[in-house]
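# Fold and contact review
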Amino acid sequence: MTELVVLASPEGKPAGVAEKAAVHTADTPLHFAFSAWVVRGGELLLTRRALSKLTWPGVWTNSFCGHPGPDEPTADAVIRRAQFELGLSGTPHLVLPDFAYRAVDSSGVVENEICPVYLFETTDEPTPNPDEVDSFAWVPVRDVLAAADATPFAFSPWMVEELAHEPLREALLA
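The structure displayed is predicted, hence computed values, not measured ones.

What follows concerns the layout of surface pockets. The computed volume of the largest pocket comes to approximately 520 Å³. Lining the largest pocket are 28 residues, and of these Lys20, Arg49, Lys53, His67 and Glu132 sit closest to its centre. Every element with two or more residues in the lining of the largest pocket is listed here: helix H1 (20-23), strand E5 (43-49), strand E7 (64-66), helix H2 (74-86) and strand E10 (110-114). When its residues are assigned to classes, the lining of the largest pocket shows nine nonpolar, nine polar and ten charged. The volume enclosed by the second largest pocket comes to roughly 160 Å³. Along its surface, the second largest pocket is lined by Met1, Thr2, Glu3, Leu4, His67, Pro68, Gly69, Glu72 and Arg80. Residues that form the lining of the second largest pocket fall into these classes: three nonpolar, three polar and three charged.

Now the structure itself:
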């Protein structure tokens, strides 16, 4: 099945669709995505991206990410990807509605996304999809914040940029 992403205008409005596989290149157009953090009892679920991923393979990052499909509400896409990547059911809560970033992988592939950030509540234990997640760890929130501040090169760039926003830090520590 072909996965489509929604392209975005510079003003942040939908501007068409494209195949996900064709979008992520050295000249990636701006498009819509999301990022999610699973929090449980003062710990965050960090994941290591599968080695087969096109961008940032094997890199430790937030719990999961994805792209809403055409006409799919972003919160619904969060629920869909939580199930697909980690076997989780739960409830998304929007924390950073206006987050966007652009980053270039060492291979030259660009991420260029309008990427709202969510907390994801669940009581489920992860069952990772090996095509998406190499491994995972539950890590105390304060340890993640300290590690991202001290060694940002060890994590995905979007994870580090997201954690620089005080509303997310406060929500994770709540």
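So much for the structure itself; the text now carries on.
Looking now at the side chain of His67. In this structure, His67 sits in the loop between E7 and H2. Engagement of the side chain of His67 in a polar contact is seen with the side chain of His31, the distance being 3.3 Å. A polar atom in the side chain of His67 sits 3.1 Å from the side chain of Glu113. For His67, the residues in contact, after removing those within four places along its chain, are Glu3, Val5, Lys20, His24, His31, Phe32, Ala33, Phe34, Glu72, Ala77, Arg80 and Glu113.

Next up on the list: the packing of helix H3 (residues 141-150) against helix H5 (residues 166-173). One can describe the packing of H3 onto H5 by two numbers: an axis separation of 9 Å at closest approach and a directional angle of 150 degrees. Comparing the axis directions of H3 and H5 gives the class roughly antiparallel. Handedness of the crossing formed by H3 with H5: left-handed. In contact with Val141, Arg142, Leu145 and Asp149 of H3, H5 contributes Arg169, Leu172 and Leu173. Along the lines of polarity and charge, the residues of the contact of H3 with H5 split into four nonpolar, no polar and three charged.

Below, the discussion takes up the UniProt feature "domain: Nudix hydrolase" (unreviewed entry) in the protein. Per the UniProt annotation, the sites labelled "domain: Nudix hydrolase" (unreviewed entry) are residues 29-161. Between the first and last C-alpha atoms of residues 29-161 the distance is 20 Å; the span itself is 21% helix and 38% strand.

A few words now on unusual backbone geometry. A positive phi angle, close to 50 degrees, is found at Trp56, a residue other than glycine. On the basis of relative accessible area, Trp56 is assigned to the buried category, the value being 9%. The residue Asp71 is not glycine, and still its phi comes out positive at about 65 degrees.

Calculation rules
Residues numbered from 1 in each chain as written. Predicted model: local features only at pLDDT ≥ 70, side-chain atom pairs only at ≥ 80, totals over all residues. Heavy atoms only, no water. 1 Å grid on protein atoms, 1.4 Å probe; cavity = no way out; pocket = protein on both sides within 12 Å on 5 of 7 lines; lining within 4 Å. Points joined across faces, edges and corners; volume = space filled by probe spheres on them. Helix = DSSP H or I, 4+ residues; strand = E, 2+ residues; numbered from the N terminus. Nonpolar A, V, L, I, M, F, W, Y, C, P; charged D, E, K, R; others polar. Polar contact = N/O pair within 3.5 Å; in protein donor to acceptor, adjacent residues only side chain to side chain. Contact = heavy atoms within 4.5 Å. Axes fitted to C-alpha atoms, helices over the stretch in contact; angles between N-to-C directions. Parallel < 35°, antiparallel > 145°, perpendicular 65-115°, else oblique. Left-handed = near helix turned anticlockwise from the far one by under 90°. UniProt positions renumbered as here; feature names shortened; annotations may be inferred. Buried < 20%, exposed > 50% of the residue type's maximum accessible area, 1.4 Å probe, protein only.

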